[in-house]
Amino acid sequence: MSENKWREWILGMTLLLSGPVFIALTSPRDLPLPLLIIPYIWLLAILLVATFAVLKGTKLSKKKVVALAIVVSGTPVLLSVFLSVSRLSFKDIVLAVIFVIVGVWYILYSDLID
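Residues numbered from 1 in each chain as written. Predicted model: local features only at pLDDT ≥ 70, side-chain atom pairs only at ≥ 80, totals over all residues. Heavy atoms only, no water.

Lay out the overall build of the protein chain with the relevant residues and their values.
Along the protein chain, the regular secondary structure elements total 4 helices and 0 strands. Across the protein chain, helices and strands are ordered from the amino to the carboxyl terminus as α-α-α-α. Compactness check: the protein chain gives a C-alpha radius of gyration of 17 Å against a globular reference of 13 Å for 114 residues, more than 25% above the reference. Taking the principal axes of its C-alpha atoms as reference, the protein chain extends roughly 50 × 45 × 20 Å. Accessible surface, the protein chain: about 8,700 Å² in total, of which carbon and sulfur atoms supply 74%. One finds the centroid of the 10 positive side-chain charges in the protein chain at a distance of 3 Å from the centroid of its 6 negative side-chain charges. (Helix = DSSP H or I, 4+ residues; strand = E, 2+ residues; numbered from the N terminus. Rg over C-alpha atoms; globule rule 2.2 N^0.38 Å. Areas by Shrake-Rupley, 256 points an atom, 1.4 Å probe, with all protein chains shown as cover. Lys, Arg positive; Asp, Glu negative; His and termini not counted. Charge placed at Lys NZ, Arg CZ, Asp CG, Glu CD.)

Now the structure itself:
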């Protein structure tokens, strides 16, 4: 393996293991409010890396891949935030699905993002 592949592998494994370790070793009751955001940032990072890996082999431009990854990865994180504050309803899920469909369609067929 080349040095870049090793670096990617080590960073990926660190990212995968850091979230469960953080969640296992901390209690939400003892954490200050700003640190409660860390699991959501971790989830977003995991989903972004996975989405980039899936879209890597496509013929899309780098800007479109980044935009698609943000839309597709951000939606589950947003829904989990709504769920954690007991505000998730069927309407929110439907709106999120519509947002993803419209966002992905716009990104794929828009000439503004090349």
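On we go from here.
Lay out the nonpolar core with the relevant residues and their values.
If you look at the biggest cluster of nonpolar residues, it comprises 6 residues: Leu55, Val65, Ala67, Leu68, Val71 and Ile107. The greatest single-element share of this core, amounting to 4 residues, is contributed by helix 3 (residues 62–84). (Core = buried A, V, L, I, M, F, W, Y, C linked by side-chain atoms within 4.5 Å. Buried < 20%, exposed > 50% of the residue type's maximum accessible area, 1.4 Å probe, protein only.)

Which residues make up unusual backbone geometry, and what values do they have?
Most peptide bonds adopt trans geometry, and most residues besides glycine take a negative phi value. A positive phi angle, near 55°, is found at serine 86, a position not held by glycine. As for its placement among the helices and strands, serine 86 is situated in the loop between helix 3 and helix 4 (90–109).

Could you give an account of helix 3, naming the residues involved and the relevant values?
The first and last C-alpha atoms of helix 3 sit 33 Å apart over 23 residues, in line with the 33 Å expected at 1.5 Å per residue. Glycine 74 marks where helix 3 bends most, by close to 25°; the proline proline 76 follows one to four residues later. Just downstream of helix 3, serine 86 is the residue with a positive phi angle, here 55°. (Expected span 1.5 Å × (residues − 1). Bend = angle between axes of the 7 residues up to and from the residue.)

Quick one: what's the story with the confidence of the model for the protein chain, residue by residue and with numbers?
Taken over all residues, the pLDDT of the protein chain has a mean of 85, while the share at 70 or more is 96%. Per-element confidence in the protein chain is highest for helix 2 (residues 38–55), whose mean pLDDT is 89, and lowest for helix 1 (residues 3–25), whose mean pLDDT is 83. (pLDDT = per-residue confidence, 0-100.)

Give me the layout of surface pockets: which residues, what numbers.
Its boundaries defined by the atoms lining it, the largest pocket holds a volume of some 460 Å³. As for the largest pocket, its lining consists of 17 residues, and the residues nearest its centre are Glu8, Val49, Phe52, Ala53 and Lys56. Within the residue set of the lining of the largest pocket, elements represented by two or more residues are helix 1, helix 2 and helix 3. Ranked by the residues each element gives to the lining of the largest pocket, the list is headed by helix 1, at 6 residues. Residue composition of the lining of the largest pocket, grouped by class: 11 nonpolar, 2 polar and 4 charged. (1 Å grid on protein atoms, 1.4 Å probe; cavity = no way out; pocket = protein on both sides within 12 Å on 5 of 7 lines; lining within 4 Å. Points joined across faces, edges and corners; volume = space filled by probe spheres on them. Nonpolar A, V, L, I, M, F, W, Y, C, P; charged D, E, K, R; others polar.)

Tell me about a nonpolar patch on the surface, and name the residues and values.
On the surface, Trp6, Trp9, Ile10, Met13, Leu16, Leu17, Val21 and Leu25 cluster together to form a nonpolar patch covering roughly 830 Å² of accessible area. Its place among the elements puts methionine 13 in helix 1. (Patch = residues over 30% accessible without salt bridge, like charges linked within 9 Å, V, L, I, M, F, W, Y side chains within 5 Å. Salt bridge = Lys/Arg side-chain N within 4 Å of Asp/Glu carboxyl O.)

Any chance you could break down the environment of alanine 96 for me, citing the residues and the numbers?
Examined against the element boundaries, alanine 96 turns out to sit in helix 4. You can call alanine 96 buried: its relative accessible area is 9%. Between the C-alpha atoms of alanine 96 and proline 76, which are 20 residues apart in sequence, the distance is 8.7 Å. Non-local contacts of alanine 96, meaning those with residues more than four positions away in its chain, are made with Thr75 and Leu79. (Contact = heavy atoms within 4.5 Å.)

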